[in-house]
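One-letter residues, chain by chain:
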Amino acid sequence: MIQYRNLYVNELDRELFNEFIRHQEVTKCWRKEDNEWLIKEDPFIDDWTETDYQILISCLKNTIITGGFVQGAFYNGNLKGFISVEPDLFGGEQKYLDLSSIYVSEDKRGKGIGATLFIAAKEWAKKKGAHKLYISAHSAVESQAFYKKMGCAEAEVYCQKHVNEEPYDCQLECIL
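Caption draft 1: How the structure looks around the packing of aromatic side chains. Evaluation of the coordinates by the stated rule reveals 16 aromatic pairs. Relative to Y103, the ring of W48 has its centre 4.8 Å away and its plane inclined at 75°; by these criteria the two rings are edge-to-face. Here Y103 lies in strand β6 (residues 96–104) and W48 lies in the loop between β3 (36–46) and α1 (50–65), a separation of 55 residues in the sequence. Accessibility expressed as a relative area gives 26% for Y103, which makes it partly exposed. With a centroid separation of 5.3 Å and an interplanar angle of 70°, the aromatic rings of F146 and Y147 are classed as edge-to-face. Members of the aromatic cluster, each reached through a chain of ring pairs, are F17, F20, W48, Y53, F82 and Y103. The ring of Y53 has R14 sitting right over it, with the charged end atom 3.7 Å from the ring centre.

Caption draft 2: Representation of the layout of surface pockets within the structure. The calculated volume of the second largest pocket comes to roughly 250 Å³. Taken together, W30, W37, Q144, A145, Y147, K148, C152, A153, E154, C170 and L172 make up the lining of the second largest pocket. Counting only elements with at least two residues in the lining of the second largest pocket, the list comes to α3 (141–149), β8 (153–154) and β9 (170–175). Examining the composition of the lining of the second largest pocket, we find that four residues originate from one element, α3, more than from any other. Split into classes, the residues belonging to the lining of the second largest pocket amount to eight nonpolar, one polar and two charged.

Caption draft 3: Structural view of α3. Buried within α3 we find S143, Q144, F146 and Y147. Viewed along the axis of α3, the buried residues span an arc of 155°, placing them on a single side of the element. Turned more than 90 degrees away from the buried face of α3 sit K148 and K149, all of them exposed. Its buried side turned inward, α3 meets β2 (24–33), β6, α2 (113–127), β7 (132–137) and β9. With its phi angle positive at about 95°, G151 sits one or two positions after the end of α3.

Caption draft 4: Summary view of the nonpolar core. Formed by 27 residues in total, the largest nonpolar core has its most connected members in V85, L99, F118, L133, I135 and Y147. Those elements giving two or more residues to this core turn out to be β4 (69–75), β5 (78–85), β6, α2, β7, α3 and β9. In terms of residues, this core owes the most to one element, α2, which gives eight residues. Residue contacts for V85: discarding those within four places in its chain leaves T63, G68, F69, L97, D98, L99, S100, A121, W124 and L133.

Rules used in this analysis
- Residues numbered from 1 in each chain as written.
- Predicted model: local features only at pLDDT ≥ 70, side-chain atom pairs only at ≥ 80, totals over all residues.
- Heavy atoms only, no water.
- Phe/Tyr/Trp six-rings, centres within 6.5 Å; stacked < 30°, edge-to-face > 60°.
- Helix = DSSP H or I, 4+ residues; strand = E, 2+ residues; numbered from the N terminus.
- Buried < 20%, exposed > 50% of the residue type's maximum accessible area, 1.4 Å probe, protein only.
- Lys NZ or Arg CZ within 6 Å of the ring centre and 35° of its normal.
- 1 Å grid on protein atoms, 1.4 Å probe; cavity = no way out; pocket = protein on both sides within 12 Å on 5 of 7 lines; lining within 4 Å.
- Points joined across faces, edges and corners; volume = space filled by probe spheres on them.
- Nonpolar A, V, L, I, M, F, W, Y, C, P; charged D, E, K, R; others polar.
- Arc of directions from axis to C-beta.
- Contact = heavy atoms within 4.5 Å.
- Core = buried A, V, L, I, M, F, W, Y, C linked by side-chain atoms within 4.5 Å.

Any link to function would need more than the numbers given here.
So, in structure tokens, the structure goes:
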């Protein structure tokens with residue numbers, strides 16, 4: 001059975017991710033060309049290096065320290081999914097909060113973990129006064145299908161920082 005709970009700064013270390021499998025084989029991605037969304041062949045494997053893990057851990061710690069939301073999903077005591085939302089509203093009247101990460105371990109995808117985490121993030125963001133979650137989301141067809149299922153649509157207002165950092169991401173929003 002999956003157990004969900006908020007994460008604490010002192011438990012965020014490399015060991016927490018020992019049983020987490022980031023691996024994702026991507027074949028098709030959504031791309032915006034001439035203001036139109038198209039599915040394009042773009043095969044690659046997404047995985048994290050040790051440096052990526054250290055950056056992730058640092059970012060998650062910062063999210064918690066600054067008052068954001070970080071929740072994990074555990075199976076047999078092992079982290080199998082997590083989500084984070086940054087604490088600061090942006091986007092003017094959009095009143096966005098940034099859903100900065102959502103990942104489910106490869107061995108547990110398709111079992112509702114991501115949906116449960118996403119719903120918890122929405123509830124937290126609504127309590128913080130947000131109107132919408134903002135997501136700079138992986139463009140893989142499978143990832144986008146998840147976000148669509150969760151009620152996300154193309155963002156009305158793009159966050160230029162995210163566009164600059166990840167130009168192939170899809171900029172999404174989810175009304176709370």
